[in-house]
Amino acid sequence: MEDKWQNEYDFAVQVARAAGAVIRKAGEEEIKVQTKSCAVDLVTKTDERVEKIIIGSLKEHFGDEHCFIGEESVSSGQPCILTDKPTWIIDPVDGTTNFVHGFPFVAVSIAFAVNKELEFGVVYSCLEDKMYKARKGKGAFCDDEQIQVSDVKDIHKSIIISEHGVDRSVDRVTKIFSTMQKILCIPVHGLRGSGTAATNMCLVASGATEAFFEIGIHCWDIAAGVVIVREAGGLVLDVDGGPFDLMSQRMMSANNITIAQRIIKEIEIFPVPRDDAPAPKKK
Ligand code: LIP
């Protein structure tokens, strides 16, 4: 039987690796910081250049039939709408703040969806030179080694990942840190955060941590990681325990339902817009 999307998958791995090499070679000039939604929501010329390279390579290889959702394209006004058409969901530099500071976790995240179903995900942690990848129904891998989520069921023996995002409003920061405090005092072995959602999800998939959740996260940050976690035997939910919704800006990924439900009890949820919400009308 034809192995549908194998070409797209193999090419995505090649493109992610090539994009990672561009990130590693970026000079100081390229890392000059600009900001987006607020003073700590950083973007660099590298983010924009790498996204153009990725999308350009994919268009050249597969023609214009496919659709694209890229972090920097959306940031410059492209719609963030997932249709039934084959769609690439791309974060060219996940962990931009890390990239600017030289903190060693920066990932290229490329996912592919058809009929709104995620078919595969590729996360290249380019400073670690680790290629995480997974196709629906075919397992998850780091380089050539198959990976599996942790078998820990006791929350007291877990490491949980959470991130604080870029919103520095007192109300939101208070809720985030109150949640972190409640989780830490369960107690769990520890809280961690790599600064890139894509890498965090690969740490769940590889069994290094038991769960990662975030509210305010974007589809491009997590789409590839969702496939990798699922194919490593984990699960992905909404932060209230309901079904996961890629465009909701809310995500809980875990090794099993026991850990997921225990963490969900502690999460203080705050409202966030959907990624596919219509852009506010300019006044
Ligand atoms: C980052 C996410 C991270 C989140 C940061 C930021 P970016 O993505 O991967 O989980 O906490 O605020 O959004 O902006 O570096 O591509």
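Residues numbered from 1 in each chain as written. Predicted model: local features only at pLDDT ≥ 70, side-chain atom pairs only at ≥ 80, totals over all residues. Heavy atoms only, no water.

Engineer: Please clarify how helix H5 (residues 170–184) should be interpreted in this entry.
Structural biologist: Structural remark: α-helix, 3.6 residues per turn; residues separated by three or four positions point the same way. When the terminal C-alpha atoms of H5 are compared, their 21 Å separation across 15 residues agrees well with the 21 Å that a helix rising 1.5 Å per residue should span. Looking only at H5, the buried set comprises Arg172, Ile176, Thr179, Met180 and Ile183. Buried positions in H5, seen along its axis, are confined to an arc of 95 degrees and lie on one side of it. For H5, exposure combined with an orientation more than 90 degrees from the buried face picks out Val170 and Gln181. Close packing links the buried residues of H5 with strand E10 (159–162), strand E11 (190–192), strand E12 (211–215) and helix H8 (257–264). (Helix = DSSP H or I, 4+ residues; strand = E, 2+ residues; numbered from the N terminus. Expected span 1.5 Å × (residues − 1). Buried < 20%, exposed > 50% of the residue type's maximum accessible area, 1.4 Å probe, protein only. Arc of directions from axis to C-beta. Contact = heavy atoms within 4.5 Å.)

Engineer: Teacher, can you tell me more about the domain arrangement of the protein chain here?
Structural biologist: You can read the domains of the protein chain as domain 1 (6–147) and domain 2 (155–264). Centre-to-centre, using C-alpha coordinates, domain 1 lies 20 Å away from domain 2. Across the contact, 39 residues belong to domain 1 and 24 residues belong to domain 2. Here domain 1 packs against domain 2, burying approximately 2300 Å² in sum over the two surfaces, 72% of which is carbon and sulfur. On the domain 1 side of the contact with domain 2, Asp94, Leu118 and Ile147 bury the most area, a combined 22% of that side's loss. Joining domain 1 to domain 2, the criterion identifies seven residue pairs in polar contact (both at pLDDT 80 or more). Of all the secondary-structure elements, those providing two or more residues to the side of domain 1 that touches domain 2 are helix H3 (71–75), strand E4 (87–94), strand E5 (107–114), strand E6 (117–125) and strand E7 (130–135). (Domains from an automatic or database assignment. Buried area = accessible area lost by both parts, 1.4 Å probe. Polar contact = N/O pair within 3.5 Å; in protein donor to acceptor, adjacent residues only side chain to side chain.)

Engineer: How do you make sense of the site of the ligand when you look at a structure like this?
Structural biologist: Lining the immediate surroundings of the ligand are 15 residues, of which Asp94, Gly95, Thr96, Ala197 and Glu214 lie closest. Here an oxygen atom of the ligand and a side-chain polar atom of Asp91 are 2.8 Å apart. Within the backbone of Gly95, one N or O atom sits 2.7 Å away from an oxygen atom of the ligand. Expressed as a share of its isolated accessible area of 370 Å², the protein-covered part of the ligand is 90%. Ranked by the residues each element gives to the shell around the ligand, the list is headed by E4, at three residues. Its residues assigned to classes, the shell around the ligand comprises four nonpolar, five polar and six charged. Residues lining the shell around the ligand come from more than one domain, with at least three contributed by each of domain 1 (6–147) and domain 2 (155–264). (Near = heavy atom within 4 Å. Areas by Shrake-Rupley, 256 points an atom, 1.4 Å probe, with all protein chains shown as cover. Nonpolar A, V, L, I, M, F, W, Y, C, P; charged D, E, K, R; others polar.)

Engineer: Any chance you could explain the environment of Cys126 here in plain terms?
Structural biologist: Assignment of secondary structure puts Cys126 in the loop between E6 and E7. As for Cys126 and Lys281, which are separated by 155 residues in sequence, their C-alpha atoms are 38 Å apart.

Engineer: Even after reading the chapter, I still don't get the pattern of salt bridges, so can you show me in this structure?
Structural biologist: Two side chains bearing opposite charge may form a pair once their charged atoms approach each other closely. Per the counting criterion, the structure on display carries 16 salt bridges. One salt bridge connects Glu72 with Lys36, and the closest N-O pair in it is separated by 3.0 Å. In this pair, Glu72 sits in helix H3 while Lys36 sits in the loop between strand E1 (34–35) and strand E2 (42–43), placing the two residues 36 residues apart along the sequence. Using a relative accessible area of 24% as the deciding quantity, one classes Lys36 as partly exposed. Bridged by salt links that share partners, the residues Lys36, Glu71 and Glu72 form one connected network. (Salt bridge = Lys/Arg side-chain N within 4 Å of Asp/Glu carboxyl O.)

Engineer: What am I meant to see in the packing of helix H6 (residues 197–205) against helix H7 (residues 219–231) here?
Structural biologist: In a packed pair of helices, the relevant descriptors are the angle between the two axes and the axis-to-axis distance. Taken N-terminus to C-terminus, the directions of H6 and H7 make an angle of 10 degrees; their axes are 8 Å apart at the nearest point. Between H6 and H7, the interaxial angle falls into the category roughly parallel. Here H6 contributes Ala197, Ala198, Met201, Cys202, Val204 and Ala205 to the contact with H7, which in turn contributes Asp221, Ile222, Gly225, Val226, Ile228 and Val229. The residue inventory of the contact of H6 with H7, partitioned by class, reads 10 nonpolar, one polar and one charged. (Axes fitted to C-alpha atoms, helices over the stretch in contact; angles between N-to-C directions. Parallel < 35°, antiparallel > 145°, perpendicular 65-115°, else oblique.)

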